[in-house]
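Fold and contact review
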Amino acid sequence: PADAHAGDTFGGALARAGDHAAARPLFARAVERAPANAAFRYNLATALQFTGELAAAEQAYRHTLALDPARAAAYPALAQLCDPGDEPLLGNIERTLASREDADDADGCLLLGHALATLLERRGDEAAAMQALARAKRRKRDLLRHDPGDDARLFEAASALLREGGPTSTLA
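This report concerns the structure included in the present document. For clarity, every value in this text was computed on a predicted model and none was experimentally measured.

The secondary structure content of the chain amounts to 9 helices and 0 strands. The helix and strand sequence of the chain, counted from the amino end, reads α-α-α-α-α-α-α-α-α. What you see for the chain is a C-alpha radius of gyration of 21 Å, clearly larger than the 16 Å of a compact globule of 172 residues, by over 25%. Expressed as lengths along the three principal axes of its C-alpha atoms, the size of the chain is roughly 65 × 40 × 30 Å. The burial tally for the chain puts 38% of its 172 residues in the buried class. Long-range contacts, defined here as pairs at least 24 residues apart, represent 48% of the contacts in the chain between residues at least 6 apart. Working note: accessible area of the chain is about 9,900 Å², and carbon and sulfur atoms make up 56% of it.

In structure tokens, the structure reads:
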């Protein structure tokens with residue numbers, strides 16, 4: 001497609017269907033036509049990662065964040081690809097996470113917390129990684145107001161139904 005948005009949209013459809021190799025050139029063309037579009041660059045980075053072009057993917061994620069430092073979804077992928085000793089990235093994740101906590105952005109916190117945990121785990125600091133995950137998940141958990149007791153009651157009701165010879169699955 002001649003239009004950057006159309007190419008990115010078509011590439012997105014291919015990527016969702018699992019054909020990242022076919023999506024990659026469409027994303028690359030979209031980036032060529034709209035180089036300041038962080039969303040297009042992120043999509044290209046993801047396709048590069050899925051097609052095994054890891055060094056190029058890392059650079060594309062870094063460029064995405066240079067264009068849009070608030071694009072939380074880029075951080076977990078970059079944390080998987082970069083040198084785990086990347087102190088500037090670690091500091092950037094921590095600062096961005098703190099700003100998202102202040103803004104009460106549960107989804108952003110979750111993504112950033114996973115990125116932070118990935119870097120810390122890759123450094124061998126499993127305890128700090130688990131603390132980062134707990135910190136990141138706290139806001140989402142509070143937002144969902146999930147009661148684990150509901151799960152226990154549901155499981156017990158299902159178990160009782162099965163013990164009593166209730167409905168069974170006909171799926172084979």
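Okay, back to it.
Y61, Y75, L89, I93, L116, L119 and L120 are the most contacted members of the largest nonpolar core, which totals 41 residues. Elements with a minimum of two residues in this core: helix 1 (4–16), helix 2 (20–33), helix 3 (38–50), helix 4 (54–67), helix 5 (74–81), helix 6 (87–102), helix 7 (106–122) and helix 8 (126–144). A total of 7 residues in this core trace back to one element, the largest contributor, which is helix 7. With residues up to four places along the chain from it excluded, the contact list for Y75 reads L65, P69, L89, N92, I93, T96, L112 and A115.

The next thing to look at is helix 7. Under the 1.5 Å per step criterion, the end-to-end length of helix 7 is 24 Å for 17 residues, consistent within 8% with the ideal 24 Å. Of all the positions in helix 7, only A106, G108, C109, L112, G113, A115, L116, A117, T118, L119 and L120 are classed as buried. Buried residues along helix 7 sit in contact with helix 5, helix 6 and helix 8. In the stretch just after helix 7, G124 is the one whose phi turns positive, near 90°.

Attention now goes to the side chain of R41. Within the fold, R41 resides in helix 3. Lacking a salt bridge, the buried R41 has E32 as its closest oppositely charged neighbour, with an N-O distance of 9.3 Å. The contacts of R41, once residues within four sequence positions are left out, are V31, P35, A60, H63, T64 and L67.

Below, the discussion takes up helix 9 (residues 148–163). In this model helix 9 runs 23 Å from its N-terminal to its C-terminal C-alpha over 16 residues, within 8% of the 22 Å that 1.5 Å per residue would give. Sitting at the amino-terminal end of helix 9 is D147, which places a side-chain oxygen 2.9 Å from the backbone nitrogen of G149. Positive backbone phi, approximately 80°, marks G165, located one or two places after helix 9.

Conventions we followed
Residues numbered from 1 in each chain as written. Predicted model: local features only at pLDDT ≥ 70, side-chain atom pairs only at ≥ 80, totals over all residues. Heavy atoms only, no water. Helix = DSSP H or I, 4+ residues; strand = E, 2+ residues; numbered from the N terminus. Rg over C-alpha atoms; globule rule 2.2 N^0.38 Å. Buried < 20%, exposed > 50% of the residue type's maximum accessible area, 1.4 Å probe, protein only. Contact = heavy atoms within 4.5 Å. Areas by Shrake-Rupley, 256 points an atom, 1.4 Å probe, with all protein chains shown as cover. Core = buried A, V, L, I, M, F, W, Y, C linked by side-chain atoms within 4.5 Å. Expected span 1.5 Å × (residues − 1). Lys, Arg positive; Asp, Glu negative; His and termini not counted. Salt bridge = Lys/Arg side-chain N within 4 Å of Asp/Glu carboxyl O. Polar contact = N/O pair within 3.5 Å; in protein donor to acceptor, adjacent residues only side chain to side chain.

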